[in-house]
Amino acid sequence: MKNLFSIICFLMAFPAFAQISADSMRIEQERIGKISKFQSIDFFSRARDIKQAVRRHDLVVLQDEDRKLYYGIVDSVKSLNSISIILYPAPNGRERVQATFDDIYLPKQNEVKAVIPAPAPATQTPEYTAPIMRVKENKQEDFRIAQAADLLEQAGRSYENADILKYLSYASFFIGTAISTAGSFNSSGSSLQAAGGILIGAGVGASIGSVVYRFRGHGNLKSAGAALRR
């Protein structure tokens, strides 16, 4: 805090007024005006002592070596040693100063809370925020649609494979049964019966594969629906 007052004087001698709308300046001045009614540091607590984080738009107080109070609003927090504060040392004279976490005092909630306005309204959100959010939402929606389309394609392939295996199982059962039956009427038809048994076994395997692919298709359909609902 030793160099705070000299920093403030330096900035007042070489003002760097921020480009900001008249409405935003009016809102800032109104908020600072509410807290500046409390002219004693007793109404405030050092942020370090109460271990309270400092955030953008917080109302704060700085104090120089002569115990003079400076009322402001937190503009940005880059680190504990680089906190930008907006001050109005003169009407419509908007300035920024740099402070550290140890320099900052915060209002005591039980004494000042009733007169402190809420944080800056949403209308002060930068205009570019809304388009960026829309772009992000569109990208997420495109991703969900692409994911659902891929799952639907996989489901279609699974159902197609299930149908192919089902018809193969029918054909294997039919042909295998026919060959086994023909072999039973032939005294030397053991080879035919063996071939028929192999075809029937292949039909069983194809039938099981058909069921597996069909369940896989159901799972892909459910996943596609879940992707679209997110």
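Fair warning: this is a prediction, and the values are worked out from it, not measured in the lab.

**Side note on the overall build of the chain**
When you go through the chain residue by residue, the secondary structure sums to six helices and six strands. The burial tally for the chain puts 31% of its 230 residues in the buried class. Across the chain, contacts joining residues at least 24 apart in sequence account for 63% of those joining residues at least 6 apart. If you sum the accessible surface of the chain, you get close to 14,700 Å²; carbon and sulfur atoms cover 59% of it.

**Description of the environment of Ala148**
Following the sequence through the fold, Ala148 ends up in helix H5 (residues 129–184). By relative accessible area, Ala148 is classed as buried at 2%. Spatially, the C-alpha atoms of Ala148 and Leu221 are 8.5 Å apart, while their sequence positions differ by 73 residues.

**Quick look at the packing of aromatic side chains**
Within this structure, the stated rule accounts for three aromatic pairs. It is Lys166 that lies over the ring of Tyr167; its NZ or CZ is 5.1 Å from the centre. When the ring centre of Tyr213 is taken as origin, the NZ or CZ atom of Arg216, which lies over that ring, is 5.0 Å away.

**So, the pairing of strand S4 (residues 82–90)**
Across six bridges, strand S3 (residues 69–79) lies against S4 in antiparallel orientation. Bridge pairing in S4 links Ile73 to Ile86. Counted along the chain from S3 to the antiparallel partner S4, the turn is two residues long. Both S4 and strand S5 (residues 93–99) contribute to a ladder of six bridges, which runs antiparallel.

**With respect to the environment of Ala182**
Checked against the element boundaries, Ala182 lands in helix H5. A residue is classified by how much of its surface remains accessible, and Ala182, at 42% relative accessible area, is partly exposed. Expressed as a C-alpha distance, the spacing of Ala182 and Gln193, which sit eleven residues apart in the sequence, is 7.8 Å.

**Remarks on the side chain of Ser45**
Structurally, Ser45 can be placed in strand S1 (residues 44–46). You can call Ser45 buried: its relative accessible area is 16%.

**Describing the environment of Asn220**
Its location among the elements puts Asn220 in helix H6 (residues 190–229). Take Asn220: its relative accessible area is 11%, and that puts it in the buried class. Remark: the alpha-carbon pair of Asn220 and Ala155, spanning 65 residues in sequence, is separated by 5.2 Å. With residues near it in sequence (within four places) discarded, Asn220 still touches Leu151, Gln154, Ala155 and Ser158.

**Here we look at the pattern of salt bridges**
Pairing between side chains becomes possible if they bear opposite charge and their charged atoms approach one another. The full count for this structure, using the stated rule, is seven salt bridges. Across the pair Glu30 and Arg26 runs a salt bridge, and its minimum N-O distance is 3.2 Å. With Glu30 and Arg26 both in helix H2 (residues 22–35), this residue pair falls four residues apart, about one helical turn. As a salt-bridge pair, Arg46 and Asp49 come within 3.8 Å of each other at their nearest N and O atoms. Take Arg46: its relative accessible area is 26%, and that puts it in the partly exposed class. Judged by its relative accessible area of 58%, Asp49 falls in the exposed class.

**Describing the pairing of S5**
The side chains of a regular strand alternate, residue by residue, between the two faces of the sheet. Counting buried residues along S5, five of its seven residues qualify, which places the element largely inside the surrounding structure. Counting the residues between successive antiparallel strands, the hairpin from S4 to S5 contains two residues, one of them, Asn92, with a positive phi of roughly 60°.

**Describing H2**
With 14 residues, H2 should reach 20 Å at 1.5 Å per residue; the first-to-last C-alpha distance of 20 Å fits that figure. Within H2, the full set of buried residues consists of Ser24, Met25, Ile27, Glu28, Arg31, Ile32 and Ile35. Looking straight down H2, one finds that the buried residues subtend no more than 160° of arc, so they occupy a single side. Of the residues in H2, the exposed ones pointing more than 90 degrees away from the buried face are Ala22 and Asp23.

**Here we look at a nonpolar patch on the surface**
A cluster of nonpolar residues, Phe173, Val204, Ile208 and Val212, forms a patch on the protein surface that exposes about 320 Å² of accessible area. The element contributing the most residues to the nonpolar patch is H6, with three residues. With respect to the secondary-structure elements, Ile208 resides in helix H6.

Cut-offs and rules
Residues numbered from 1 in each chain as written. Predicted model: local features only at pLDDT ≥ 70, side-chain atom pairs only at ≥ 80, totals over all residues. Heavy atoms only, no water. Helix = DSSP H or I, 4+ residues; strand = E, 2+ residues; numbered from the N terminus. Buried < 20%, exposed > 50% of the residue type's maximum accessible area, 1.4 Å probe, protein only. Contact = heavy atoms within 4.5 Å. Areas by Shrake-Rupley, 256 points an atom, 1.4 Å probe, with all protein chains shown as cover. Phe/Tyr/Trp six-rings, centres within 6.5 Å; stacked < 30°, edge-to-face > 60°. Lys NZ or Arg CZ within 6 Å of the ring centre and 35° of its normal. Pairing = 2+ DSSP bridges. Salt bridge = Lys/Arg side-chain N within 4 Å of Asp/Glu carboxyl O. Expected span 1.5 Å × (residues − 1). Arc of directions from axis to C-beta. Patch = residues over 30% accessible without salt bridge, like charges linked within 9 Å, V, L, I, M, F, W, Y side chains within 5 Å.

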